[in-house]
Amino acid sequence: MRFLQHLPVLVILIPLISAVVIPVIGRVNRFACWIVSCVALFFSLSGSIYLLNKVANTGKVTYHLGGWKPPWGIEYSIDHLNGFVITVIAFIAFVVAFYAEKSVEHEIEERKIPAFYSIYMLLITGLMGIVITGDIFNLYVFLEISSLAGYALVALGKHRNALVASFNYLIFGTIAGTFILIGIGYIYMQTGTLNIADLRERLPEFYNSTVILTAFAFFTVGLCLKVALFPLHFWLPKVYNYSPSVVSSIMAAVGTKVGLYVMLRVMFTVFKVEFSVENVPIANILIIISSIAIVVGSILAIAQTKIKLMLAYSSIGQVGYIVLGATLTNQIAMTGSIIHILNHALMKGSLFLIVGCLVYKAGIERIDDLEGMGKRMPFTMAAFTVSGLSMIGVPLTVGFVSKWHIAIGALDAGMWYFVPVLIISSLLTAVYFWRIIEKIYFYEEPALLHEDRRVNININWDRREKRENFGDRRINLERRSEFKGTRRKNKEDRRRQLDKQWQPLEQWDEHGRWEVVKNDRRVSEEDRRQFMPDRRSLEGIGRRTRDYNLALIKRGEAPWTMLAPTLVLSGACIFFGIAAKIPVAIAEKAAAMLLR
């Protein structure tokens, strides 16, 4: 069929067209924006699966835009590697888009919803274009499309710090993009071509050229910054933490994986294995850096008190797994690295969708607030447990498949000393996931407060809060005590007088202690006694307030449009852990292609 011949370009063109159509439709019906995005991404997913199946059966698929043959024209090329990756992107993008309806309504202002879906489709267009193109400059164009869309999506978050996170992301992303563009310019200056297949044939005669060595250095630094490889990870935690849950999910699941795909392409396709290993010892350097990233990412994740921050630092370690497996330059380890692109997308995508369910249903973002949630949201917490066990690498889960291949590859390459790194990382991962599982299932549900005095507690999200370590929750506490006779009258007169001057707020101070603030001024001891006649510690009141708020959460799950995608991804962590031969067979062919 003629339609199928144009499928390589249609899987990108359909999301791009929908990005233009969605704002127009959004003026009439915002719900239709969600429908259009889901339909467009379902088409892209179907097309990606068809292309991957065709590559598996007949070999490499190429498409020449406008009929212009390379190296003069732009070529779209699909082989086992990018066919695998584009299918992962399309699948995760569709699942997240289906999930987005209720989550976006809850976390993004209503008037911005059409803009969100439009920018989301631009992001997917850019990510898929990066993977499918066979032209290195076209790759840069799609990289910038996805980056610009990512900056805008992060800024759509309601939290004030979302703008700061987006700006930081913009700065680091621009620096990375500039480095990559300079590298492309040097390569074109030396070879006179931009086609990736053509570059592979022409570059070997220039391997000793200073221009090519400089270009490779710019590529390496720019891509390490794009994928947030330690120690160039500064931008990632805040972006994941302050983004809407849908944005965090798609960026954690496939955003950095596309950058890792580009790294594999540049190191092992544009430049051959001999160059990356022998001419420039970059593989040895990245092996050491990735090993440090694996351990440090896990340690930093243990230290976090917010769920999103914990998952963000965990992602830094997981990036290290993919880089380590690739730079061992061993087919088994490379297979583990490629298969981890899928596995981490499933695990981390599921975990961030679960966080979105918690935010929607209970407004929970802190780890301590998960106490007893196993009884209140049993299916969601079961999905979290499965995904967490997959991250640890428990057998029969996808995480085990990746780590097993990387470990066996390290042994096969004679580098047994990297196996303890994987074991230590798995143990550290077990620490920070088990503490959550323990709170979910083995802690009692918070009970409502029972006091002699009435306590009226409200949660007030104050955008003036800037301290990340202690969060942005301030507790508005009004304490009304019952007194008798004249003493009661005097107390109430004093309370009314204070109410006219200021409103008490309870918050963390810069030293991590509770303080009460009135009109941004510290409260005197006399005023403190008026509001707390029993002199109960403010820290204790903070705990009791949190317990009271959590006790008001009703049992039940998030809407089915949010729960179903979450269960699908967590279920896939088990399915592809048991039926691992399906993706492993494709990853093995992709690894053999890169290392030949």
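Starting from 1, residues in each chain are numbered consecutively following that chain's sequence as written. pLDDT decides what is reported in this predicted model: residues at 70 or higher carry local features, side-chain atom pairs at 80 or more are listed and counted, and totals for whole chains, interfaces and linings draw on all residues regardless. No hydrogens and no water enter the side-chain calculation; it runs on all heavy atoms of the structure.

(A) Here's a closer look at the packing of aromatic side chains. Classification of ring pairs rests on two measures: the distance between centres of Phe, Tyr or Trp rings, Trp counted by its six-membered ring, which must be within 6.5 Å, and the angle between planes, read as stacked under 30 degrees, edge-to-face over 60 and tilted in between. As enumerated under the stated definition, the model contains 24 aromatic pairs in all. For the pair phenylalanine 384 and phenylalanine 433, a centre-to-centre distance of 5.9 Å together with 50° between the ring planes defines the contact as tilted. A residue pair is termed long-range when its members are at least 10 positions apart, and phenylalanine 384 in helix H17 (residues 378-392) and phenylalanine 433 in helix H19 (residues 419-442) qualify at 49 residues. Note on phenylalanine 384: relative accessible area 3%, which makes it buried. One aromatic cluster in this structure is built from Phe31, Trp34, Phe98 and Trp560. Secondary structure elements follow DSSP: runs of H or I no shorter than four residues count as helices, runs of E no shorter than two count as strands, and numbering proceeds from the N terminus. Exposed residues in this analysis have more than 50% of their type's maximum accessible area, buried residues have under 20%, and partly exposed residues fall in between, with area computed by a 1.4 Å probe over protein chains only.

(B) Seen up close, the pairing of strand E2 (residues 75-78). The two faces of E2 match: Glu75 and Ser77 on one face and Tyr76 and Ile78 on the other face are all buried. Paired strands, as defined in this entry, are two strands with at least two bridges between them according to DSSP. Where strand E1 (residues 61-64) lies against E2, four bridges are found, and the strand directions are antiparallel. Directly across from histidine 64, in E2, lies its bridge partner glutamate 75.

(C) Region of interest: the side chain of asparagine 82. On the secondary structure map, asparagine 82 appears in helix H4 (residues 80-107). Within the local environment of asparagine 82, its side chain forms a polar contact with the backbone oxygen of valine 131, the two atoms lying 3.2 Å apart. In contact with asparagine 82, other than residues within four places in its own chain, are Ser77, Val131, Ile132, Tyr261 and Arg265. The term polar contact refers here to a pair of N or O atoms within 3.5 Å; inside protein, the definition further demands a hydrogen-donor-capable atom paired with an acceptor-capable atom, and it admits residues adjacent in sequence only when both atoms are side-chain atoms. Contacts were defined at the residue level, with two residues in contact if any of their heavy atoms lie within 4.5 Å.

(D) Representation of the packing of helix H14 (residues 307-327) against H19 within the structure. Axis lines are fitted to C-alpha atoms, over the contacting stretch for helices. Their N-to-C directions set the angle, which ranges from 0 to 180 degrees. Packing of H14 against H19 brings their axes to within 12 Å, and their N-to-C directions diverge by 160°. Classed by the angle they form, the pair H14 and H19 counts as roughly antiparallel. Between H14 and H19 the crossing geometry is left-handed. Within the contact between the two elements, H14 uses Met310, Leu311, Ser314, Tyr321 and Leu324 and H19 uses Leu422, Ser425, Ser426, Tyr432, Phe433, Arg435 and Ile436. Polarity classes work like this: nonpolar for Ala, Val, Leu, Ile, Met, Phe, Trp, Tyr, Cys and Pro, charged for Asp, Glu, Lys and Arg, and polar for all others, with Gly in that last group. Of the residues in the contact of H14 with H19, the class split is eight nonpolar, three polar and one charged. Throughout, the term roughly parallel applies to angles under 35 degrees, roughly antiparallel to angles over 145, roughly perpendicular to angles from 65 to 115, and oblique to all others. Throughout, a crossing is termed right-handed when the near helix is turned clockwise from the far one, and left-handed when it is turned anticlockwise from it by less than a right angle.

(E) How the structure looks around the packing of helix H15 (residues 331-362) against helix H24 (residues 581-595). Contact geometry for H15 and H24: axes closest at 8 Å, N-to-C directions at 125°. It follows that H15 is oblique to H24 by the angle criterion. Note on packing geometry: the crossing formed by H15 with H24 is right-handed. On H24, the residues that touch Gln331, Met334, Thr335, Ile338, Ile339 and Leu342 of H15 are Pro583, Val584, Ala587, Glu588, Ala590, Ala591, Ala592, Leu594 and Leu595.

(F) Quick peek at the side chain of lysine 257. Looking at where lysine 257 falls in the secondary structure, it is placed in helix H11 (residues 245-270). Charge convention: Lys and Arg are scored as positive, Asp and Glu as negative, and His as well as the terminal groups of each chain are ignored. Salt bridge, as used here, is a side-chain nitrogen of Lys or Arg placed within 4 Å of a carboxyl oxygen of Asp or Glu. Comment: no salt bridge for buried lysine 257; closest opposite-charge side chain is aspartate 79, at 19 Å. Leave out the neighbours within four places in its chain, and lysine 257 touches Ala252, Ile322, Ile341 and His344.

(G) Helix H2 (residues 7-26), seen in detail. The length a helix should cover is 1.5 Å for every residue beyond the first. Helix length check: H2 (20 residues) gives 28 Å between terminal C-alpha atoms against 28 Å at 1.5 Å per residue, within 8%. At any given residue, the bend is defined as the angle formed between two axes, one fitted to the seven residues that end at that position and one fitted to the seven that begin there. The sharpest bend along H2 measures roughly 30° and falls at valine 20, with the proline proline 23 sitting one to four residues further on. Burial in H2 covers these residues: Leu7, Pro8, Val9, Leu10, Val11, Ile12, Pro15, Ser18, Ala19, Ile22 and Gly26.

(H) Structural view of the confidence of the model for the protein. For the protein, per-residue confidence averages 79 on the pLDDT scale, and residues scoring 70 or more make up 81% of the total. A residue's pLDDT is simply how confident the predictor is in it, with values from 0 to 100. Confidence over residues 448-485 falls short of pLDDT 50; this stretch has 92 contacts with residues more than four positions distant or in other chains.

(I) Molecular detail of the environment of isoleucine 294. Position of isoleucine 294 among the secondary structure elements: in helix H13 (residues 282-302). Counting along the chain gives 26 residues from isoleucine 294 to glycine 320, while the straight-line C-alpha distance between them is 5.1 Å.

(J) Broad picture of empty space enclosed by the protein. Grid points spaced at 1 Å over the protein atoms alone were grouped into cavities, where a 1.4 Å probe fits but cannot get out, and pockets, open sets with protein on both sides within 12 Å along at least five of seven lines, with lining residues defined by an atom within 4 Å of a point. Grid points are joined across faces, edges and corners, and a volume is the space filled by probe spheres set on the points. Summed over all chains, the structure comprises seven cavities of 30 Å³ or more. Forming the walls of the largest cavity are 21 residues, and the residues nearest its centre are Ser147, Tyr169, Lys226, Gly255 and Thr256. Of all elements in the fold, only helix H5 (113-132), helix H6 (136-155), helix H7 (161-191), helix H9 (210-226) and H11 reach the threshold of two or more residues within the lining of the largest cavity. Among the elements that line the lining of the largest cavity, the one with the most residues is H11, at six residues.

(K) The arrangement of unusual backbone geometry in detail. With omega at 5°, the peptide bond leading from phenylalanine 230 into proline 231 counts as cis. Locating proline 231 in the fold gives a position in the loop between H9 and helix H10 (236-242). For leucine 396, which is not glycine, the phi dihedral falls at a positive 75°. As for its position among the elements, leucine 396 is in the loop between H17 and helix H18 (398-412).

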